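Residue strings, one per chain:
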Amino acid sequence: MFVNFIKLALRHIIRQRSYIFINMTGLAIGLACSIFIALFVIHELSYDTFNEKKDQMYRMFLRGKIGATELEGAWTCTPLGPTMVTDLPEVLNMVRLDPWGETVIKYEDRSFVEDGFMLADSTFFEIFTIPLIQGDPDKVLTVPRTLVLTRSAVSKIFGTEDPIGKMLKVGTDTVLYSVVGVMEDVPELAHFEFNMLGSFITNRRANDGIWLSNSYDTYVLLAEGTDTEALQGKIDDMVLKYVGPQVEQMMGINVEQFTESGNHYGYYLQPLLDIHLNHNIDHAHKPPSNKKYIYIFSLIAILILVIAGINYMNLATARSAGRAKEVGIRKVVGSTKRALITQFLFESLVLTLISLAIGIVIVEVLLTRFNNLIQIRLDLDYITWYTIPGLLVIGIIMGFLSGTYPSFFLASFRPAAVLSGTIQRGAKSGILRSILVVFQMTVSIVIIFGTIVVYRQIQFMLNKDLGFKQENLLVLSRVGALGNQQETFMDEVKKLSGVIDGSHSTAVPGHPNNNNGYGMEGQSAEQTYLMQTFWVDDDFINTYGMEVTEGRFFSEDFASDSSACLINQSAKNQFGIEDFSTTTFLRPSIAGDGTFERLEVIGIFKDFHYQSLHDRVYPAILIINDENTMWGYITFRLSPEKMDQTVGRIETLWKEFTDNDPMVYFFMYEDFKNQYQEDRRTGILSLVFSVLAIVIASLGLFGLASFTAEQRTKEIGIRKVNGASASTIVVLLSREVAILVGISTVIAWPIVYFVMRSWLQNFHFRIGLSPIEFIFSLAVVLLVAWLSVSYQAFKVSRTNPAEALRYE
């Protein structure tokens, strides 16, 4: 019986080629879209799952409020991890990480720039599941200036040589590092990436006891079954015990006074598997994704499958009259309603499984291009236990859901009515078909509208005035390689034609690195003012094209500028400063003896965006460089003409000053664009899937239009005999679709308005919803619907009336 059902299904598919082709095309595209989205979702959910003890692993993060500024990020102090292990029995182990980013590595006479260099405690391999190929896991990274390299790094630097015992120069350190181990490459689906691990004990602050300086990542391994809520209470008590005395020493107030002023400061547990999909906690590793996008694209996948399924249901019920006689004859000769339902379900299932196979072929053909488009490596791996069963389940569910209503509908025909010719062709299902078309068009409008909003927001972020001129800014990192020759190097570079200006600073827009607390003269000691700190030279404003709105900038003509500062407009407004000239900030002295250094405010500068437009502009302060702050970045403003040649000449000078070190640099405009990689990916995915959703919906409309035109052939012939023009016929056949699109618009607009308004809340600086999105989304759907219907309408309108009247 099973074989007979399949034979009947295949015979029907072959007999109804044109109708089946439309159905199969829509289903194949819909299933391919869903596979792409499923691969993307699985990829995002798989981060860090390679760790064997993943459910026991947590990352610590800092959450605090100082003054009016709140902060939340995976920055911790050096004593946090060791203290948790010794004071809290639930904490079995810990590891601290210190990512350096791009670092120059020298081996003999060759130099390499390593994008991922990181310091780690010797416990790294006890916590993270990354195999150590060479070296003793109990001994590696226990000694200062020792290294563990990934397999790729070994191949790059040493080729086929044995790396163990080899000596490398790391960065500007004058003491060589010894290679003591080799590990497998870091899995792609880890939230961090590196090619070299150095021993954390190399860091001069590795064993300090300062709790108020947070620069490192701390991960802890908890005992199985640990009550994390109870543990968090113990962590709070521990922080109070150790942080309290240091707050009192540095700020002159006790913890009670600190908290009574509205401040708070604490460390919290974040599950390892939460890291990649939590964009609220800042960190120094791979940019996190937004969990909302997982839900959004999962919903889009379901909706696209629903649209494809609706096509099948619409076309199957629309062509019901064509199969009514078949149903009547089968019932007369003894077929039961159950047997007919089973046959029609099998037809749907066979059609869907064939479409699934075509969809898989589409995925395999386009997967590489899709990966390049969204900058992620997705892979349809048939070896994993869930791939083939998952694909089959999707195909079977899709087949049954699409075929259930048409099967029951077709099997319900009464033989007497069918064989006597009294059954109306598809009349009983007309209302349902209209409802399904409305649903299709509603989904299409929602997706198109959302795509337009995403695109406009991304363009807004890329083109918004950032408070500085980001074009033609060349930024050099690793300026420590110049030693005490920074000023000489900058003077030589400024002499080059094509170089307009240059400046040194500890941080640059897009790379803030010091969020410090200050006091204010004349205010209570409990009041703390948190500001992002930039140590700069007196060319900073000119190089970046910023604007001083009140007062003046630093100048060599004023010796007092060594104890002066400028603050941004956000700081002035947030701190309630009316007259900047009478304002002096206080910062704890470097000696850490409880005394403060005075910083007199000499000017206010216009806000500039030193973070992405997801965040508002927080208070910031500029302080003049001194001998303790000659690290960070050097920025040059270049002439747009012959920039490549200018960069080449700067690189030549760099190598002369640094004994042939590679120059590590980036262009500010490109760097800022990279901050919106996740948002651009969302825009690309939205565009791709909105286009495909429209294609699938238009295929269904085309099929329905074809059938409707066929059904109304005699009516059209009569109208033409009575003088109806071709345009009248086109309007006649298009009017119903236009009405359905209008209904869809009324339903879609309120839904998409609230959804996209919620999405825009992720950005502090955002566009507003305008009539453009509403009108354009409607226009696109109307155009697609009209094109889908108009071909058939024009074709029928040009038919000879005599042939039309002979129809049937």
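Data block above holds the structure.
For every chain, the first residue of the written sequence is number 1, and numbering continues from 1 along that sequence. The model is predicted, so local features are restricted to residues of pLDDT at least 70 and side-chain atom pairs to those at 80 or more, both for listing and for counting; the totals for chains, interfaces and linings are taken over all residues. Side-chain measures were taken over the full set of non-hydrogen atoms in the model, leaving aside hydrogen atoms and water.

**Quick look at a nonpolar patch on the surface**
The grouping of Leu-353, Tyr-382, Ile-388, Leu-392, Ile-396 and Phe-400 at the surface amounts to a nonpolar patch, some 480 Å² of accessible area in total. Counting from the N terminus, the helices are the DSSP runs of H or I reaching at least four residues and the strands are the DSSP runs of E reaching at least two. Among the elements that make up the nonpolar patch, the one with the highest residue count is helix H11 (residues 387-411) (4 residues). With respect to the helices, strands and loops of the structure, Leu-392 is situated in helix H11. Residues qualify for a patch when their relative accessible area is over 30% and they have no salt bridge, like charges being joined within 9 Å and the nonpolar side chains of Val, Leu, Ile, Met, Phe, Trp and Tyr within 5 Å. Computed with the Shrake-Rupley method and a 1.4 Å probe, the accessible areas treat only the protein chains shown as cover for residues. By convention in these notes, a salt bridge is any Lys or Arg side-chain nitrogen within 4 Å of a carboxyl oxygen on Asp or Glu.

**Overview of the packing of aromatic side chains**
By convention, a stacked pair of Phe, Tyr or Trp rings (six-membered ring in the case of Trp) has centres within 6.5 Å and planes under 30 degrees apart, an edge-to-face pair has planes over 60 apart, and any other such pair is tilted. For the structure shown, the criterion picks out 38 aromatic pairs. Between Phe-61 and Tyr-268 the ring centres are 5.9 Å apart and the planes differ by 35 degrees, which places this aromatic pair in the tilted class. One end of the pair, Phe-61, is in strand S1 (residues 57-66); the other, Tyr-268, is in strand S11 (residues 264-271), and 207 residues separate them in sequence. Ring centres of Phe-128 and Tyr-219 lie 5.3 Å apart, and the angle between their planes is 75 degrees; this geometry places the pair in the edge-to-face category. In this pair, Phe-128 is assigned in the loop between helix H4 (124-127) and strand S5 (132-134) and Tyr-219 in strand S10 (residues 217-222), connecting sequence segments 91 residues apart. For every residue, the accessible area (1.4 Å probe, protein chains only) is compared with the maximum for its type, and the residue is labelled buried under 20%, exposed over 50%, or partly exposed between those bounds. On the basis of relative accessible area, Phe-128 is assigned to the buried category, the value being 1%. Exposure remark for Tyr-219: the relative accessible area of 1% places this residue in the buried category. Here a set of aromatic residues connected by ring pairs shows up, and it is made of Phe-468, Phe-534, Phe-540, Tyr-544, Phe-605, Phe-608, Tyr-610 and Phe-672.

**Here's the deal with the nonpolar core**
By convention a nonpolar core is built from buried Ala, Val, Leu, Ile, Met, Phe, Trp, Tyr and Cys residues, the set being connected through side-chain atoms within 4.5 Å. Ranked by size, the top nonpolar core spans 105 residues in total, and within it Phe-468, Tyr-544, Phe-554, Leu-622, Met-668 and Phe-689 carry the most contacts. Considering each element in turn, this core owes the most residues, 14 residues, to helix H13 (residues 430-463). Non-local contacts of Leu-622, meaning those with residues more than four positions away in its chain, are made with Phe-534, Val-536, Phe-540, Phe-553, Phe-554, Ala-564, Cys-565, Leu-566 and Phe-605. Residues Leu-62, Leu-88, Ile-235 and Tyr-265 belong to the second largest nonpolar core, which totals 26 residues. Note on contacts: a residue pair is in contact if any heavy atoms of the two residues lie within 4.5 Å.

**Overview of a negative patch on the surface**
The grouping of Glu-487, Asp-491, Glu-556 and Asp-557 at the surface amounts to a negative patch. Summarising the element assignment, Asp-557 is placed in the loop between strand S16 (548-551) and strand S17 (564-568). The exposure class assigned to Asp-557 is exposed, which follows from its relative accessible area of 70%. The charge count treats Lys and Arg as positive and Asp and Glu as negative. His and the chain ends do not count. Throughout, a charge is located at the NZ atom of Lys, the CZ atom of Arg, the CG atom of Asp or the CD atom of Glu.

**Quick look at the pattern of salt bridges**
Enumeration over the complete set of coordinates arrives at 21 salt bridges. Between Lys-156 and Glu-114 there is a salt bridge; the shortest N-O distance is 3.5 Å. Here Lys-156, found in helix H5 (residues 151-158), pairs with Glu-114, found in strand S4 (residues 110-120); they are 42 residues apart in sequence, far enough to count as distant. Classification of Lys-156 as partly exposed rests on a relative accessible area of 42%. One salt bridge in this structure joins Glu-492 and Lys-495, with 3.2 Å as the shortest N-O distance.

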